[in-house]
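Examining the three-dimensional arrangement
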Amino acid sequence: MGMTSTPSGYPTLGLRHPDRAVVQRWAWASLVANTVIILTGGLVRLTASGLGCPTWPRCTEESFVPHSELGLHGLIEFGNRLLTYVLIAIAIGTLVAVWRWSEGRRLRRHAVVLAAGVPFQGVIGGITVLTDLNPWVVALHLVLSLFLVAGSTWLLLRVRAEAASTSSVLVRRLVLAVYATLWVVVYLGTVVTGSGPHAGDLDVPRNGLDPQLWSHVHAWAVYLLVGLTVATIVLVRRDRDTTSRTPALQAAVWLLVAELGQGVIGFVQYFTDLPVALVAVHLVGAAVLVAVATRLVVTVHPSPSAPRPLEHEAVVGRSA
């Protein structure tokens with residue numbers, strides 16, 4: 001991560017005088033870490049290890065670490081808890097990088113929210129254990145993780161300061177409709193999961209809803225999302241008010257690709273009785289989908305407070 005050292009020999013990870021490249025690497029680390037912990041959290045549930053550590057913040061009433069009687073389930077759940085501290089370290093590093101970056105003043109508030117969101121999410125994870133993996137709390141836990149993925153993506157894109165498209169009001173509104181529908185799709189997916197077999201523990205009750213019915217509701221929301229995305233692609237191509245249409249068009253096309261890929265995985269897992277491997281891939285796919293959709297929103301809604309583009313820094317560097 002661009003590690004440098006102080007005169008005393010201690011590594012600084014580029015945080016003493018971060019430039020755009022250093023901040024960008026920290027933003028990438030934040031995005032990747034928030035995605036990985038969704039996968040590991042999913043594996044906790046998929047291996048029925050959700051109560052491997054039966055209490056929180058300790059693993060047992062007597063210890064913060066699992067003992068041998070908890071077996072593999074205890075190790076899996078405890079390992080996921082340890083990753084939260086890695087995520088906190090990355091969030092703090094990202095915050096420091098943004099705070100010390102000369103171009104990052106307008107991004108500081110966002111970095112603070114991301115940093116605060118990680119321990120808050122850890123507390124929600126603890127509540128899921130204390131409520132014996134209540135499916136509604138577990139759903140909230142996943143949605144909040146996806147919010148952190150969206151926030152990390154937003155930060156990364158603002159740091160990169162890539163070219164944006166100045167689009168018409170209609171395009172911007174349609175993109176916001178796409179984004180709102182995406183979050184409805186995500187939440188409905190958690191409802192379906194809460195009614196299905198992967199509860200996180202063999203004795204945990206489900207939400208009591210009909211999984212087949214809600215799978216169809218979820219699917220219809222996906223159809224709407226795909227339709228709105230196709231409409232966005234068509235409108236961007238025809239929009240005379242859109243300057244630099246290529247970034248917006250590319251972002252919309254990539255979103256459609258992600259939706260279709262995620263949809264295929266969803267259908268296959270539904271008709272094959274939810275195999276663990278496919279469910280895990282579907283979880284990662286949800287994070288990818290949120291990230292790609294966030295990119296589309298940022299692309300058609302350029303922020304006047306964003307840092308200067310990369311080209312500006314290159315010119316300044318050559319003139320110096």
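Position numbers for residues start from 1 in each chain and track the written sequence from start to end. Owing to the predicted nature of the model, reporting of local features is limited to residues with pLDDT of at least 70; listing and counting of side-chain atom pairs is limited to 80 or more, with chain, interface and lining totals taken over all residues. Processing note: side-chain calculations cover all non-hydrogen atoms of the structure and skip hydrogens and water entirely.

**Remarks on the overall build of the protein chain**
So the rule is basically this: Where helices and strands are cited, they refer to DSSP runs of H or I of at least four residues and of E of at least two residues respectively, numbered from the N terminus. We call a residue buried when its accessible area falls under 20% of the maximum for its residue type, exposed when it is over 50%, and partly exposed in between, using a 1.4 Å probe and counting protein chains only. The contact criterion used throughout is that any non-hydrogen atoms of two residues lie within 4.5 Å. Note that accessible areas follow from Shrake-Rupley with a 1.4 Å probe, and for residues the cover is restricted to the protein chains shown.
If you tally the helices and strands in the protein chain, you get nine helices and zero strands. Secondary structure elements of the protein chain, listed N to C terminal, follow the sequence α-α-α-α-α-α-α-α-α. Within the protein chain, the fraction of its 320 residues that count as buried is 48%. By sequence separation, contacts in the protein chain at least 24 residues apart represent 75% of the contacts at least 6 residues apart. With the model as given, the accessible surface of the protein chain reaches about 16,400 Å², and the carbon-plus-sulfur share is 67%.

**So, empty space enclosed by the protein**
The rolling of a water-molecule-sized probe over the atoms marks out the regions of remaining empty space. Applicable threshold: With a 1 Å grid spanning the protein atoms alone, the term cavity applies to any set of points in which a 1.4 Å probe fits but cannot get out, the term pocket to an open set with protein on both sides within 12 Å along at least five of seven lines, and the term lining residue to any residue with an atom within 4 Å of a point. Grid points are joined across faces, edges and corners, and a volume is the space filled by probe spheres set on the points. Just so you know the grouping, Ala, Val, Leu, Ile, Met, Phe, Trp, Tyr, Cys and Pro go in nonpolar, Asp, Glu, Lys and Arg go in charged, and all remaining residues, Gly too, go in polar.
Inspection of every chain in the model, using the stated rule, returns one cavity of 30 Å³ or more. By volume, the largest cavity is sized at about 80 Å³. Together, 13 residues line the largest cavity, and Ser30, Asn34, Ala91, Leu114 and Val118 are the ones closest to its centre. If you list the elements that add at least two residues to the lining of the largest cavity, you get helix H1 (20–46), helix H2 (71–100), helix H3 (108–130) and helix H4 (135–160). Among the elements that make up the lining of the largest cavity, the one with the highest residue count is H2 (five residues). Partitioning the lining of the largest cavity into residue classes produces nine nonpolar, four polar and no charged.

**Here's the deal with the packing of aromatic side chains**
Using the following cut-off: Two rings from Phe, Tyr or Trp (for Trp, the six-membered ring) form a pair when their centres are within 6.5 Å of each other. A pair whose planes differ by under 30 degrees is stacked, one over 60 is edge-to-face, and the rest are tilted. Comment: the charge-over-ring label is applied if NZ (Lys) or CZ (Arg) is within 6 Å of the ring centre and within 35 degrees of the ring normal.
Scanning the entire structure with this criterion turns up four aromatic pairs. Each residue in the set Phe147, Tyr179 and Trp183 is aromatic and connected to the rest through ring pairs, giving one cluster. Arg108 extends its terminal NZ or CZ atom over the ring of Trp99, reaching a point 4.6 Å from the ring centre.

**Quick look at the environment of Arg237**
Mapped onto the elements, Arg237 comes out in helix H6 (residues 211–238). Considered as a pair, Arg237 and Ala248 are 11 residues apart in the sequence and their alpha carbons are 9.3 Å apart.

**So, the state of the cysteines**
Worth spelling out the cut-off: Note that a disulfide, as used here, is simply two cysteine sulfur atoms within 2.5 Å.
In total, this model carries one disulfide according to the counting rule given. What pairs with Cys53 in a disulfide is Cys59, and their sulfur atoms sit 2.0 Å apart. In this structure the cystine formed by Cys53 and Cys59 twists about its S-S bond by roughly -80°; its chirality is therefore left-handed. Comparing Cys53 with Cys59, the two get one shared label, buried.

**Points about unusual backbone geometry**
Of note, the bond from Trp56 into Pro57 is cis; its omega dihedral lies within 30 degrees of zero at 10°. Its place among the elements puts Pro57 in the loop between H1 and H2. The phi dihedral of Ala48 is positive, around 60°, even though this residue is not glycine. Turning to its location among the elements, Ala48 is positioned in the loop between H1 and H2. At Asp132, a position not held by glycine, the phi torsion is positive, near 55°. Its place among the elements puts Asp132 in the loop between H3 and H4.

**A word on helix H8 (residues 276–300)**
Applied cut-off: Here, expected helix span is obtained from the residue count minus one, scaled by 1.5 Å.
Under the 1.5 Å per step criterion, the end-to-end length of H8 is 37 Å for 25 residues, consistent within 8% with the ideal 36 Å. By the criterion of burial, H8 is predominantly enclosed, with 18 of the 25 residues buried.

**With respect to the side chain of Gln262**
By the secondary structure assignment, Gln262 is in helix H7 (residues 245–271). Once residues within four sequence positions are removed from consideration, Gln262 is found in contact with His282, Gly285, Ala286 and Leu289.

**Structural notes on the environment of Pro211**
Relative to the assigned elements, Pro211 resides in helix H6. What makes Pro211 partly exposed here is its relative accessible area of 35%. Pro211 sits 20 residues away from Val191 along the chain, and the two C-alpha atoms are 8.6 Å apart.

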